[in-house]
Amino acid sequence: MALKRGSSGLGTQRNRSAGSSFPIVILIFCSFLAPLIFFVGRGLYTSTSVDHNDFSTTSSKQDIDWRERLALQQIKPLLTKEVIDIIKASTDDLGPLSLDSLRKNNLSASWKFVGQEIVAKKSAADAQVNKPSQVAAADSKPEITRGKRDGPVDGDRSLFVDSTAKFARRQLRERRREKRAADLVKRDDDVTVKLENAAIERSKSVDSSVLGKYSVWRKEADNDNTDSTVRLMRDQMIMARVYISIATMKKKLDLAHDLQARLKESQHALGDAGSDADLTRSAHEKMKAMGQVLSKAREQLYDCKLVTTKLRAMLQSADEQVRGLKRQSTFLSQLAAKTIPNGIHCLSMRLTIDYYLLPPEKRKFPRSENLENPDLFHYALFSDNVLAASVVVNSTIVNAKEPEKHVFHLVSDKLNFGAMNMWFLLNPPGKATIHVENVDEFKWLNSSYCPVLRQLESAAMKEYYFKAAHPNTLSAGSSNLKYRNPKYLSMLNHLRFYLPQVYPKLNKILFLDDDIVVQKDLTGLWSVDLHGKVNGAVETCGQSFHRFDKYLNFSNPHIARNFDPNACGWAYGMNMFDLKEWKKKDITGIYHKWQNMNEDRVLWKLGTLPPGLITFYGLTHPLDKSWHVLGLGYNPSIDRSDIENAAVVHYNGNMKPWLELAMTKYRPYWTKYIKFDHPYMRSCKLSE
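Definitions and limits used
- Residues numbered from 1 in each chain as written.
- Predicted model: local features only at pLDDT ≥ 70, side-chain atom pairs only at ≥ 80, totals over all residues.
- Heavy atoms only, no water.
- Helix = DSSP H or I, 4+ residues; strand = E, 2+ residues; numbered from the N terminus.
- Buried < 20%, exposed > 50% of the residue type's maximum accessible area, 1.4 Å probe, protein only.
- Contact = heavy atoms within 4.5 Å.
- Areas by Shrake-Rupley, 256 points an atom, 1.4 Å probe, with all protein chains shown as cover.
- Pairing = 2+ DSSP bridges.
- Axes fitted to C-alpha atoms, helices over the stretch in contact; angles between N-to-C directions.
- Polar contact = N/O pair within 3.5 Å; in protein donor to acceptor, adjacent residues only side chain to side chain.
- Salt bridge = Lys/Arg side-chain N within 4 Å of Asp/Glu carboxyl O.
- Core = buried A, V, L, I, M, F, W, Y, C linked by side-chain atoms within 4.5 Å.
- Phe/Tyr/Trp six-rings, centres within 6.5 Å; stacked < 30°, edge-to-face > 60°.
- Lys NZ or Arg CZ within 6 Å of the ring centre and 35° of its normal.

**Re the overall build of the chain**
Moving on, step 1. The helix and strand tally for the chain stands at 30 helices and 12 strands.
Moving on, step 2. Out of the 688 residues in the chain, the part that is buried amounts to 40%.
Moving on, step 3. Taking the contacts inside the chain whose residues are at least 6 apart along the sequence as the reference set, 74% of them involve residues at least 24 apart.
Moving on, step 4. Accessible surface, the chain as shown: approximately 39600 Å² in total, 54% of it carbon and sulfur.

**Considerations on the sheet that holds strand β8 (residues 535–537)**
Moving on, step 1. Reading across from one edge, β5-β4-β3-β6-β9-β8-β10 is the order of the seven strands in this open sheet, with mixed pairing throughout. Each edge of the open sheet carries a strand with a single partner, namely β5 (433–438) and β10 (620–622). Here the strands of the sheet are splayed against their neighbours by 25 degrees on average, with no regard to which way each runs.
Moving on, step 2. By the bridge criterion, six bridges tie strand β3 (residues 377–382) to strand β4 (residues 406–412) in an arrangement that is parallel. Residue pairing for β4: Leu-381 is matched across the bridge by Leu-410.
Moving on, step 3. Contacts from helix α15 (residues 386–398) reach β3, β4, β5 and β6 (508–512), with the element oriented near 175 degrees to β4.
Moving on, step 4. Helix α16 (residues 417–426) rests against β4 and β5 of the sheet, and its axis sits at about 165 degrees to β5.

**Some remarks on the sheet that holds strand β11 (residues 628–629)**
Within a beta sheet, neighbouring strands are joined by backbone hydrogen bonds and run either parallel or antiparallel to one another.
Moving on, step 1. The strand order across the open sheet built from three strands is β7-β12-β11, with neighbouring strands paired in mixed fashion. Looking at the sheet topology across the chains shown, the edges are occupied by β7 (516–518) and β11.

**Notes on the side chain of Asn-438**
Moving on, step 1. Within the fold, Asn-438 resides in strand β5.
Moving on, step 2. Within the local environment of Asn-438, its side chain forms a polar contact with the backbone nitrogen of Lys-414, the two atoms lying 3.3 Å apart.
Moving on, step 3. Excluding residues that lie within four positions of it along the chain, Asn-438 makes contacts with Ser-412, Asp-413, Lys-414 and Phe-417.

**Topic: unusual backbone geometry**
Moving on, step 1. With a phi angle near 55 degrees, His-531 is a residue other than glycine that sits in the positive phi range.
Moving on, step 2. Summarising the element assignment, His-531 is placed in the loop between β7 and β8.
Moving on, step 3. With relative accessibility at 56%, the residue His-531 sits in the exposed group.
Moving on, step 4. A positive phi angle, close to 60 degrees, is found at Arg-601, a residue other than glycine.
Moving on, step 5. As for its placement among the helices and strands, Arg-601 is situated in the loop between α26 (587–597) and α27 (609–615).

**Things to note about the pairing of strand β9 (residues 574–578)**
Moving on, step 1. Burial analysis of β9 places five of its five residues in the buried class, which makes it a mostly covered element.
Moving on, step 2. Of the two faces of β9, the one lined by Met-574, Met-576 and Asp-578 and the one lined by Asn-575 and Phe-577 are each fully buried.
Moving on, step 3. Pairing of β6 with β9 involves five bridges; the strand directions are antiparallel. Paired with Leu-510 across the two strands is Met-576, which belongs to β9.
Moving on, step 4. The sheet contact formed by β8 and β9 spans two bridges and is antiparallel. Note on β9: the bridge partner recorded for Gly-536 is Met-576.

**Considerations on the pattern of salt bridges**
Moving on, step 1. Summed over the entire model, instances satisfying the criterion amount to nine salt bridges.
Moving on, step 2. Here Arg-496 makes a salt bridge to Asp-513, at a shortest N to O gap of 3.6 Å. Of this pair, Arg-496 sits in the loop between α21 (491–494) and α22 (499–502) while Asp-513 sits in the loop between β6 and β7, placing them 17 residues apart in sequence. With respect to burial, Arg-496 and Asp-513 carry one shared label: buried.
Moving on, step 3. Overlapping salt bridges bring together Glu-581, Lys-584 and Lys-585 as one network.

**Quick notes on α16**
Moving on, step 1. Most of α16 sits inside the fold, with eight of its 10 residues counted as buried.
Moving on, step 2. What α16 keeps buried is the set Phe-417, Gly-418, Ala-419, Met-420, Asn-421, Met-422, Trp-423 and Phe-424.
Moving on, step 3. Contacts made by the buried residues of α16 are with α14 (342–357), α15, β4, β5 and α30 (679–683).

**Quick notes on the nonpolar core**
Moving on, step 1. Formed by 64 residues in total, the largest nonpolar core has its most connected members in Leu-347, Leu-410, Leu-510, Leu-522 and Leu-525.
Moving on, step 2. Discounting chain neighbours no more than four positions away, the residues touching Leu-510 are His-378, Tyr-379, Ala-380, Leu-522, Leu-525, Trp-526, Met-574, Asn-575 and Met-576.
Moving on, step 3. Membership of the second largest hydrophobic core comes to 44 residues, among which are Val-411, Val-534, Ala-537 and Trp-570.

**Some details on the packing of aromatic side chains**
Moving on, step 1. Going through the model one piece at a time under the given rule, you end up with 24 aromatic pairs.
Moving on, step 2. Pairing Phe-577 with Trp-582 gives two aromatic rings, centres 5.4 Å apart and planes at 75 degrees, and the pair type is edge-to-face.
Moving on, step 3. Between Trp-582 and Phe-616, the aromatic rings sit 5.5 Å apart at their centres with planes inclined by 70 degrees, giving edge-to-face as the arrangement. With a gap of 34 residues between them, Trp-582 in helix α25 (residues 579–585) and Phe-616 in the loop between α27 and β10 connect regions that are remote in the sequence. The pair Trp-582 / Phe-616 is uniform in exposure class, with both members buried.
Moving on, step 4. Over the face of the ring belonging to Tyr-355 we find Arg-363, whose NZ or CZ atom lies 5.0 Å from the ring centre.
Moving on, step 5. The ring of Tyr-572 carries the charged tip of Arg-496 above its face, separated from the ring centre by 4.6 Å.

The values reported here are purely geometric and, on their own, carry no functional implication.
This is the structure we're talking about:
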């Protein structure tokens, strides 16, 4: 209840029509008795009673009753009982006042009420009784709110009584503050969203394909001190180029000249250093000198927007350079993979010369009667690489339990036919049987029968293979070099689709590529049940790029109607072929059909794996993966245990083991089957 100076009792007396003596009473009351009633009647007490924190509720109530009785005794002679009752009724709920509280809080217009706990407890007790009249009266009273100053004073809490109008204004202000805060938060959220969207749009214009190389998760970032000087010098050189460009643009030529001089010094000091240990002693001095010039340039030229623009331009330029270098690297790696090393070429030439110097009667291999015996283990190997073919044969014989039961059918081209014969005449495979043939002597393999030969003789195919795009640079020719791979133009690569025609009297044959190494006995493959399938091979569907949609054009209706794009691919390199089932299902005829449809290269681009996938679709039995492990020619992360437990390891890819670009950790699996002490090997300088 709000308390106003003066009492409501006086207001009541003013409105009443009393006698003539009543105004005199009012005058006396206002001038002398009102202050006395206010301080004495309300139980004014000294600071001694307020400062005691252990002042109990019972003693407080007794003091209040005693002071009220004392005040009433002194006031009764002066005022009538009716006036006293009115004053008491209007101030009874406020409790006694503390003048010391007013002094300590330095409050001039507010009051601190003592004994409020009693009033609160009394109100709670009254509320439990549920008296309708009291509840209605309580509802009619204005709500008491806490004022701005709400600190403890002598163990009590200061409460300020606001009027209804002030309380309404305070609530209005609070609502306005809440609305304003909500508007600001919403505005901040909108601004944040706009900034994020703008950043996303800007990032789309920057090609970040090479940014992963600067990830903070790279190994050298684990230790802040790892090669910190080298990295700092490289960063300085980048910023120097930025400021040189800005200085030139702003006509500060002296500063640009200084930056250019320091840049050359840093480049000379850094050189090809890859770590701090490789730096010269003068590198630190050059770094400090560069730092001083950069500090000067930053003071004169720094503009955040301009520097950002220059750095972004440099990043895009560097990205283009990286792309160009990648194209050149691809071209050179493909070129290296398709060429023959000097040592192997030397070996082939020396063997060829010696072979044709032999008399005809010494050019024949022993045990020729085993060549058509279907009860033996027959291998087909088509290669023009003498050294690679020797590793395949040697590794197979070394790991075979019964070498005398193994028969090797080798087919080479006219150029390497003599060398292949001479090598195995000089280095016979123990008790095993070997036979070498020349693919150019297969008269039945002609353009009228074989679609590939007919297509290779066409002018369009020659244009495609030899004049595609007429590249003038290394990077421009990288995409065309793969089409010029000699193996795609050689019938040695396509001869695998004519096995029954080459070996008409055999029932089963194991096809091997010349880039494999045999590590275990392979005779168990002849006892594998192919369940009526023609081809036994290891599937390669563990990764998406080994599925059909990687090799075939599924936008073509012929491909889309007949094949599943998610079907698993399988590996050429070690394949068990059932030649009886081959003949029954006319596999060669199926191959011819699809090869004729692909004359314009609309079904697949190149190679023998895509037509193999098509020809043997639904006719391939999956072998256990331990028989054949692939990827030693391109994948550096093959598990060592998988390689050592495999029966055959395959160097498919560009990094062949006989090339200098071969992966060093995989090469020993291949070189262990080469006799480097052989006279021909030493004369051609072939070594590990």
